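# Report on the structure
The lines below spell out each chain.
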Amino acid sequence: MRSSVVLAATGLFTPPHAISNDELVGAYNAWVGRWNDQHASQIAAGEVEAKQPSSSEFIEKASGIRSRFVMDRSGILDVTRMAPRLPRRGNDELSILAEMSVVACEDALARAGRTAADVDAVIVACSNLQRAYPAIAVEVQHALGVRGFGFDMNVACSSATFGLRAAADMITAGSARAILVVNPEICSAHLNFKDRDCHFIFGDVATAMLLEHADIPREKPVFEILGARLETSFSNNIRNNLGFLNRAESADDAELLARMTAPDTDLLFVQEGRKVFKDIIPMVSRMIVAHMDELRIEKLDRMWLHQANLNMNRLIATKVLGHEPSAEEAPVVLDRFANTSSAGSVIALHLHHEDLAPGAIGLLCSFGAGYSAGTVFLRRTAS
Ligand code: COA
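All residue numbers refer to position in the chain's written sequence, counted from 1. Two thresholds apply to this predicted model, a pLDDT of at least 70 for residue-level local features and 80 or more for giving and counting side-chain atom pairs, whereas whole-chain, interface and lining totals are computed over all residues. For side-chain calculations, the full set of non-hydrogen atoms in the structure is used, while hydrogens and water are omitted.

### Focus: the site of the ligand
- Here a residue is near a molecule or strand as soon as one of its heavy atoms is found within 4 Å of it. Taken together, 18 residues sit near the ligand, with Arg 196, Gln 271, Arg 274, Asn 309 and Met 312 positioned nearest.
- Any pair of nitrogen or oxygen atoms within 3.5 Å is treated as a polar contact; in protein, a donor-acceptor pairing is required on top of that, and neighbouring residues in sequence qualify only through side-chain atoms on both sides. Between the ligand and Arg 274 there is a distance of 2.7 Å, counted from an oxygen atom to a side-chain nitrogen or oxygen.
- Contributions of two or more residues to the shell around the ligand are made by α3 (56–63) and α10 (273–295).
- Secondary structure is summarised from DSSP: a helix means a run of H or I of at least four residues, a strand means a run of E of at least two, and numbering begins at the N terminus for each. Counting residues per element, the shell around the ligand draws most heavily on α10, at 4 residues.
- Each residue is assigned to one class: nonpolar for Ala, Val, Leu, Ile, Met, Phe, Trp, Tyr, Cys and Pro, charged for Asp, Glu, Lys and Arg, and polar for all the others, Gly among them. Here the residues of the shell around the ligand are counted per class, giving 9 nonpolar, 6 polar and 3 charged.
- Domain delimitation follows an automatic or database domain assignment. Taken domain by domain, the shell around the ligand gets at least three of its residues from each of domain 1 (5–219) and domain 2 (224–380).

### What to know about the nonpolar core
- Put simply, a nonpolar core is a bunch of buried Ala, Val, Leu, Ile, Met, Phe, Trp, Tyr and Cys residues held in one set by side-chain atoms that sit within 4.5 Å of each other. To sort residues, take the accessible area from a 1.4 Å probe on protein chains only and compare it with the maximum for the residue type: under 20% means buried, over 50% means exposed, and anything in between is partly exposed. Formed by 55 residues in total, the largest nonpolar core has its most connected members in Val 284, Ile 288, Leu 300, Met 303, Leu 363, Phe 367 and Phe 377.
- Of all the elements in the fold, those that place two or more residues in this core are α1 (21–38), α10, β11 (302–305), α11 (310–321), β12 (361–368) and β13 (372–380).
- Among the elements that take part in this core, α10 stands out by supplying 9 residues, more than any other.
- For this core, the domains that each give at least three residues are domain 1 (5–219) and domain 2 (224–380).
- Met 153, Ile 347, Leu 349 and Leu 378 belong to the second largest nonpolar core, which has 38 residues in total.

### Description of unusual backbone geometry
- The omega torsion across Tyr 133 and Pro 134 is 0 degrees, close enough to zero to call that bond cis.
- Within the secondary structure layout, Pro 134 lies in the loop between β4 (121–125) and α6 (136–144).
- Geometrically, the link from Gly 370 to Tyr 371 is a cis peptide bond, its omega value of -10 degrees lying close to zero.
- When you line up the elements, Tyr 371 lands in the loop between β12 and β13.
- Not every positive phi belongs to a glycine, and Arg 296 is a case in point at roughly 55 degrees.

### Overview of the domain arrangement of the chain
- By domain assignment, the chain separates into domain 1 (5–219) and domain 2 (224–380).
- For domain 1 and domain 2, the distance between their C-alpha centroids amounts to 14 Å.
- Contact between two residues is taken to exist if any of their heavy atoms lie within 4.5 Å; hydrogens are not considered. Counting residues at the interface gives 54 residues for domain 1, matched by 44 residues for domain 2.
- As used here, buried area is the combined drop in accessible area, with a 1.4 Å probe, of two parts when they are placed together. Roughly 3700 Å² of surface becomes buried between domain 1 and domain 2 when both sides are summed, with 64% attributable to carbon and sulfur atoms.

### Section: the pairing of β13
- Counting buried positions over the 9 residues of β13 gives 8, a clear majority of the element.
- Here, strands pair whenever DSSP counts at least two bridges between them. Taking the residues between adjacent antiparallel strands as the criterion, β12 and β13 are bridged by 3 residues, where Gly 370 takes a positive phi near 140 degrees.

### Description of the layout of surface pockets
- The method works on a 1 Å grid over the protein atoms by themselves. A cavity is a set of points holding a 1.4 Å probe that cannot get out, a pocket is an open set with protein on both sides within 12 Å along at least five of seven lines, and residues with an atom within 4 Å of a point line them. Grid points are joined across faces, edges and corners, and a volume is the space filled by probe spheres set on the points. Taken as a whole, the second largest pocket holds about 290 Å³ of empty space.
- Lining the second largest pocket are 14 residues; nearest its centre among them are Lys 51, Lys 194, Asp 195, Arg 196 and Asp 197.
- The residue inventory of the lining of the second largest pocket, partitioned by class, reads 4 nonpolar, 3 polar and 7 charged.
- Both of domain 1 (5–219) and domain 2 (224–380) provide at least three residues apiece to the lining of the second largest pocket.

### Some details on the pattern of salt bridges
- Each reported salt bridge corresponds to a side-chain nitrogen of Lys or Arg within 4 Å of a carboxyl oxygen of Asp or Glu. Applying the stated criterion across every chain, the model contains 19 salt bridges.
- Arg 218 serves as the salt-bridge partner of Glu 212, at 2.6 Å between the closest nitrogen and oxygen.
- Asp 355 serves as the salt-bridge partner of Arg 302, at 2.8 Å between the closest nitrogen and oxygen. Residue Arg 302 is found in strand β11, and its partner Asp 355 is found in the loop between α13 (344–351) and β12; the two are separated by 53 residues along the sequence.
- Looking at Asp 355, the relative accessible area reads 53%, which means it is exposed.
- Counted as one network, the salt bridges with shared partners bring together Arg 114, Glu 212 and Arg 218.

This is the structure:
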């Protein structure tokens, strides 16, 4: 793949609403108060445990998150609901994932000085697809006016790096010359806002990457893709059991609704955060170092790491660099955006690359459910 494919530009869609930790904790604690009142006699009888309040201090210390962008605020902060309100759209309307994707793709195209006519394919790579078919990518392709083809893929938090590798391989093989890889993530819709352990983790966003064959003429600086490595290793520590068989396995709709809205539902995101932390750090740092050795990279100028946990990123970067990373070496967007699944590392790249000199080398790195991890080394060009 060396130097035959470039990352020509990235694009970003930021949702219109934000929720601070204090606002989120306020809603969660109000819900806890109601739940404890409703279960007062069972709590007094020792049949169920009282729910404990959440705290902004814990959230910031344990994760580094201060705020998150969301597609809907009111439903999340409504203590009688605790979930975003995203009304279903008609079949003749653009779907919400496609709408976010189109904005991110148009941003990437404009930055690269390209139009839809310059693109051959669209890959939508994200954690949660809102329907089975037709593929969101085909809808995005249609909305943008791209000829060629589109398809969806999901590797949870690693979807962007896996999508990039798939696109780069197709460009190298000659299946396409330019491909948009887009990561629309409405993580708030798969987050359990009634779960104290994780109610603060996620936010919504969409990112796009335009990959092109290196021999296409261009005037702007881009990133050469030096190599992309992918790895998966099965784990139950991050899981979401929502799927098309849930309704079939449920006795009736009331039972399914009760299961979907229960505070401990498995039909939303669930994780063993501590175990993930311990497993991922060695897996990812080993992978980065091995990939650097393979590519004979001795100096790394920037690490655009998956944005799930600030402490985890510090530890990974320290293992790789041999010292605590500076804000320039490992930029953080998690504080403002929270965990945006596959999009997180791409947001970091999008917002923190302009200052890199020609020849500078950066790492785009994802990790998450599966487990899955991807490392992509990029070199800044002069033009
Ligand atoms: N508010 C206040 N206290 C809380 C809390 C909250 N919202 N949630 C948990 N706590 C408490 C726990 O009850 C526990 O209390 P105890 O020590 O008295 O038992 C304590 O804080 C520590 O809980 P723990 O779950 O061990 O916290 P943690 O330090 O592991 O941080 C995560 C939790 C989720 C932030 C962290 O584990 C993490 O980010 N892991 C990596 C996850 C990841 O990358 N996932 C990928 C997702 S795509």
